[in-house]
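As a plain string of letters, each chain reads:
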Amino acid sequence: MGHSAPVWDHKAAVELTKDWNGIDQIVLRNPQGASARVSLHGGQVTSWRSDRGEELLFTSNKVEFSSLWQSLSLQKQCGEEFLYVSHRSLQPFLLQFGNCGSLEQHGFARNKIWTIDKKPPPLHPNDSLGKSFVDLVLKPSEEDLKCWPHSFEYRLRVSLAADGKLTLISRIRNINGKPFSFSFAYHTYLSVSDISEVRIEGLETLDYLDNLCQRERFTEQGDAITFESEVDRLYLSSPNVIAVLDHERKRTYVIRKEGLPDVVVWNPWEKKSRAMSDFGDEEYKQMLCVNGAAIQKPITLKPGEEWTGRLELTAVPSSFCSEGLGSPLQ
């Protein structure tokens, strides 16, 4: 007599715990043993581990939070008001293009305590089926509104699929009485074996703005992006799928995105690493920041409108190549 396969309890795969600072965090697991940790401090994904227990996100030994983070920053520029969101390690964030008094460099959302959203507006069933996930929400406080007088709801879903795929879906809704604009990026700090052995495929022939040359515009000439010195670039009108190949580990990170036309590529290299207090002198060798973003053209929301941005990360064996980059998000 046959036996039916056990049914995996998705709710049991989501655990609410506390980190070493006593801050609430959510641990997501899948049946194969992969996991992700999401802190309510900043809505940060602080860990993403494979089914072998390998950490896939970079975390500096000198900072409390890293990996994937998100933050909101608010600012006025040339008489126009902008809302900015951002992620680190794996986190969405609103970028700021200048100074706004006491606002942090990457915005205030990454320093806020987010709330678990128990009744979020529905997403597509495929974004829940067979996945462990958590929904978070951030709304501006009275103090936030004093600096940036626009009401918004920022919802974030983080999910872990059976195959280990990590997905972040950000939804920003304007619940204010007038339009506002923002720029957005996911700060994704990937763990790599040796930056000199890493290449990015999928950004060939694209135009980019080089932050090391006063944002001068260039065209990518190589067959792939490799690293021999500091890189800080914004690639424009990028495809929705790119790959980061780590030859030494024989691993490829496949990055799929929606609503995010730009890609930031950053590695500080040796000189800048030594100048940063929250970064180890040699840690640039083990990390690469590749951010899906909407920066060149800010997003504008009218009252009641909502914007959605999506990022999917998968770690696969390096037999994967750029010929397979055309596959859609699922």
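Remember, predicted model here, so these are calculated numbers, not experimental data. (Residues numbered from 1 in each chain as written. Predicted model: local features only at pLDDT ≥ 70, side-chain atom pairs only at ≥ 80, totals over all residues. Heavy atoms only, no water.)

Per the secondary structure count, the protein chain includes two helices and 21 strands. When each of the 330 residues of the protein chain is scored for burial, the buried share is 54%. Considering only intrachain contacts with a sequence separation of at least 6, the fraction spanning at least 24 residues in the protein chain is 64%. For the protein chain, the exposed area adds up to about 15200 Å²; of that, 49% sits on carbon and sulfur atoms. (Helix = DSSP H or I, 4+ residues; strand = E, 2+ residues; numbered from the N terminus. Buried < 20%, exposed > 50% of the residue type's maximum accessible area, 1.4 Å probe, protein only. Contact = heavy atoms within 4.5 Å. Areas by Shrake-Rupley, 256 points an atom, 1.4 Å probe, with all protein chains shown as cover.)

Counted according to the given criterion, the structure contains 20 salt bridges. Here Glu201 and Arg199 are joined by a salt bridge, their closest N and O atoms 3.3 Å apart. Given the relative accessible area of 10%, Glu201 is considered buried. Assessed through its relative accessible area of 25%, Arg199 is described here as partly exposed. Residue Glu282 pairs with Lys285 through a salt bridge whose shortest N-O separation is 2.9 Å. Of the residues examined, Glu282 reaches a relative accessible area of 35% and is grouped as partly exposed. For Lys285, a relative accessible area of 31% gives the class partly exposed. (Salt bridge = Lys/Arg side-chain N within 4 Å of Asp/Glu carboxyl O.)

This part covers the packing of aromatic side chains. Applying the stated criterion across every chain yields a total of 13 aromatic pairs. On the numbers, 6.4 Å between centres and 75° between planes, the contact of Tyr154 with Phe184 is edge-to-face. Pair noted here: Tyr154 is in strand β9 (residues 152-161) and Phe184 is in strand β11 (residues 180-191), with a separation of 30 residues, a long-range link. Judged by its relative accessible area of 0%, Tyr154 falls in the buried class. Connected via pairs of aromatic rings, a cluster forms that spans Trp114, Tyr154, Phe180, Phe182, Phe184, Tyr186 and Trp307. Over the ring of Phe133 we find Arg157; its NZ or CZ atom is 3.9 Å from the centre of that ring. (Phe/Tyr/Trp six-rings, centres within 6.5 Å; stacked < 30°, edge-to-face > 60°. Lys NZ or Arg CZ within 6 Å of the ring centre and 35° of its normal.)

Tracing the chain through its elements places Ala36 in strand β3 (residues 35-39). In sequence terms Ala36 and Trp48 are twelve residues apart; their C-alpha atoms lie 4.4 Å from each other. Contact partners of Ala36, with chain neighbours within four places excluded, come to Ile26, Val27, Leu28, Ser47, Trp48, Leu160 and Leu166.

A word on unusual backbone geometry. With phi around 70°, Thr205 is a residue other than glycine that occupies positive phi space. According to the relative accessible area criterion, Thr205 is exposed, its value standing at 60%.

Its boundaries defined by the atoms lining it, the second largest pocket holds a volume of some 440 Å³. Mapped by element, the contributors of at least two residues to the lining of the second largest pocket are β4 (44-49) and β21 (306-317). Per-element tally for the lining of the second largest pocket: the top contributor is β21, with four residues. Each residue belonging to the lining of the second largest pocket can be placed in one class, and the counts come to seven nonpolar, five polar and nine charged. (1 Å grid on protein atoms, 1.4 Å probe; cavity = no way out; pocket = protein on both sides within 12 Å on 5 of 7 lines; lining within 4 Å. Points joined across faces, edges and corners; volume = space filled by probe spheres on them. Nonpolar A, V, L, I, M, F, W, Y, C, P; charged D, E, K, R; others polar.)

The strand order across the open sheet built from nine strands is β7-β8-β9-β10-β21-β18-β17-β12-β15, with neighbouring strands paired in antiparallel fashion. Either end of the sheet is taken by a strand with one partner, and the two such strands are β7 (115-116) and β15 (225-226). Where strand β12 (residues 198-201) lies against strand β17 (residues 241-246), four bridges are found, and the strand directions are antiparallel. Bridging across to β17, Glu201 finds its partner in Ala243. (Pairing = 2+ DSSP bridges.)

Our focus in this paragraph is the nonpolar core. In terms of nonpolar packing, the biggest core is built from 62 residues, with Phe227 and Leu288 touching the most fellow members. In terms of residue count, strand β20 (residues 287-301) provides more of this core than any other element does, seven residues in total. Residues Leu234, Leu236, Ala293 and Ile295 belong to the second largest nonpolar core, which totals seven residues. (Core = buried A, V, L, I, M, F, W, Y, C linked by side-chain atoms within 4.5 Å.)

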